[in-house]
Amino acid sequence: MTPARRVIETEEHLNLRRSAILSLFVIGNLFFIYLLARGAFSGYTAWRLQFTGRVATGNVVGYREARDIRPHIIRYYPIIEYKVGTQTYTISSDPPPGNKEDYPTGSQVGVVYDPADPSIARINSWEEVWFYPEFIFIFVPIAFVLGNLSLLRAWLGYRERLRRYKEWQGLSLQDDQ
C-alpha cells in the first residue's frame, strides 16, 4: 500500500485558480445584471398594463406547444385573438404555461393591452401580468448574494493557499507588489 501523497500546488495552479474565480465573478455578475434588466423591463411592461391598460375580450383560437427538457412533458400556451377598434391582434401566453383545460379552444378571456401599442398585451390575470417580474425580483437577488458569497469564500481560500505557498517559498505576499 502506498502512503498518501500530499500535492503541493505550484504558482501556475494558483494563478489558474485566481483566473477562474475572477472570470466567474465577472461573467456571473454580468449574467445577474442581464436578468435584472429583463426583469425591470418586464416589470415596467406589467406596471404599464396594470395602470394604463385597457381590457378587451379575446378568443382562444389554438395552442402553441412547447416540449420540456423531459420529453414526456408538453406545455401549452394559448393563442388568443382580440380586437381593438377594427384591428385584430394575436398574442401567445407568457409564463407560466398552462394546460389546455385552463383556456379551452373557443373560450373567451379578458386581455389587458397597452392603448399606445395594442400589440403589447397579456391575459388579464395576476399570473400572466406579474409572474415573471415577481419571480425575477425575488429569486435573482437571492442567487446573486449566494453566488457572490460562494465566490468570496473561494477567493479567501485562494488567498490562504497563496499565503501558504509564499511561506513555503520563503516569500511574503508584499514581495509581489
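Residues numbered from 1 in each chain as written. Predicted model: local features only at pLDDT ≥ 70, side-chain atom pairs only at ≥ 80, totals over all residues. Heavy atoms only, no water.

Undergrad: Which parts of the structure should I look at to understand the overall build of the protein?
TA: Each helix and strand counted, the protein has two helices and five strands in total. Listing every helix and strand of the protein by position from the N terminus yields α-β-β-β-β-β-α. In the protein, buried positions account for 27% of the 177 residues. Contacts in the protein between residues far apart in sequence, at least 24 positions, make up 61% of those at least 6 positions apart. (Helix = DSSP H or I, 4+ residues; strand = E, 2+ residues; numbered from the N terminus. Buried < 20%, exposed > 50% of the residue type's maximum accessible area, 1.4 Å probe, protein only. Contact = heavy atoms within 4.5 Å.)

Undergrad: Help me out: how do you make sense of the nonpolar core in this one?
TA: As a rule of thumb, soluble globular proteins bury nonpolar side chains together. One finds I80, Y82 and V111 to be the most contacted residues of the largest nonpolar core, which totals 14 residues. Looking at this core, the elements that each hand over two or more residues are β1 (54-67), β2 (74-84), β3 (87-92), β4 (108-114) and β5 (117-123). One finds L14, I21, L162 and Y165 within the second-largest nonpolar core, a separate group that totals six residues. (Core = buried A, V, L, I, M, F, W, Y, C linked by side-chain atoms within 4.5 Å.)

Undergrad: Hey, could you run me through the sheet that holds β3 in this one?
TA: Strand pairing in a sheet is mediated by backbone hydrogen bonds. Such pairs are either parallel or antiparallel. The strand order β3-β2-β1-β4-β5 describes an open sheet built from five strands, whose pairing is antiparallel. Every other strand in the sheet has two partners, leaving β3 and β5 as the edge strands with one partner each. Here the average twist between neighbouring strands, direction ignored, is 40°. As defined by bridge partners, β1 adjoins β2 across nine bridges and the pair is classed as antiparallel. When the sheet's bridge partners are listed, N59 is paired in β2 with E81. (Pairing = 2+ DSSP bridges. Axes fitted to C-alpha atoms, helices over the stretch in contact; angles between N-to-C directions.)

Undergrad: Where do I start with helix α1 (residues 11-52) in this structure?
TA: Think of an α-helix as 3.6 residues a turn; residues three or four steps apart then line up on the same face. A rise of 1.5 Å per residue sets the reference length of α1, with its 42 residues, at 62 Å; its end C-alpha atoms lie 61 Å apart and thus fit the reference within 8%. Listed in full, the buried residues belonging to α1 are L14, I21, N29, F32, L35, G39, S42, G43, T45, A46, R48 and L49. Contacts from the buried residues of α1 go to β4, β5 and α2 (126-169). (Expected span 1.5 Å × (residues − 1).)

Undergrad: Explain the pairing of β4 to me, please; I cannot follow it from the model alone.
TA: Every regular strand shows the same layout, with side chains that alternate between the two sheet faces. Across the seven residues of β4, five count as buried, placing the element largely inside the fold. Summarising the sheet, β1 and β4 pair through six bridges and their orientation is antiparallel. If you follow N59 over to β4, its bridge partner there is Q108. Judged from the four bridges that link them, β4 and β5 form a sheet pairing that is antiparallel. Of the residues in β5, the one forming a bridge with V111 is I123. The antiparallel pairing of β4 with β5 creates a hairpin that spans two residues between the two strands.

Undergrad: Explain the packing of aromatic side chains here, please?
TA: Each aromatic ring pair is summarised here by two numbers: the centre-to-centre distance and the angle between the ring planes. Under the criterion given, the structure shown has 11 aromatic pairs. Between Y44 and W47 the ring centres are 6.4 Å apart and the planes differ by 25°, which places this aromatic pair in the stacked class. Here Y44 and its partner W47 are both found in helix α1, three residues apart, which amounts to about one turn of the helix. What links up through ring pairs into an aromatic cluster is the set F31, F32, Y34 and F144. Here the guanidinium or amino end of R64 rests over the ring plane of Y77, the centre of that ring lying 4.3 Å away. (Phe/Tyr/Trp six-rings, centres within 6.5 Å; stacked < 30°, edge-to-face > 60°. Lys NZ or Arg CZ within 6 Å of the ring centre and 35° of its normal.)

Undergrad: Teacher, can you tell me more about the environment of F31 here?
TA: Among the secondary structure elements, F31 is positioned in helix α1. Judged by relative accessible area, F31 falls into the partly exposed class, the value being 47%. When the C-alpha positions of F31 and F144 are compared, they lie 9.6 Å apart, and in sequence the two are 113 residues distant.

Undergrad: Before we go on, may I ask you to explain the pattern of salt bridges in this structure?
TA: Note on pairing: side chains with opposite charge can pair once their charged atoms come close. Evaluation of the coordinates by the stated rule reveals four salt bridges. Across the pair R164 and E160 runs a salt bridge whose closest N-O atoms are separated by 3.7 Å. Here R164 pairs with E160, and both are found in helix α2, just four residues apart, close to one helical turn. The class for R164 is partly exposed, based on a relative accessible area of 42%. (Salt bridge = Lys/Arg side-chain N within 4 Å of Asp/Glu carboxyl O.)

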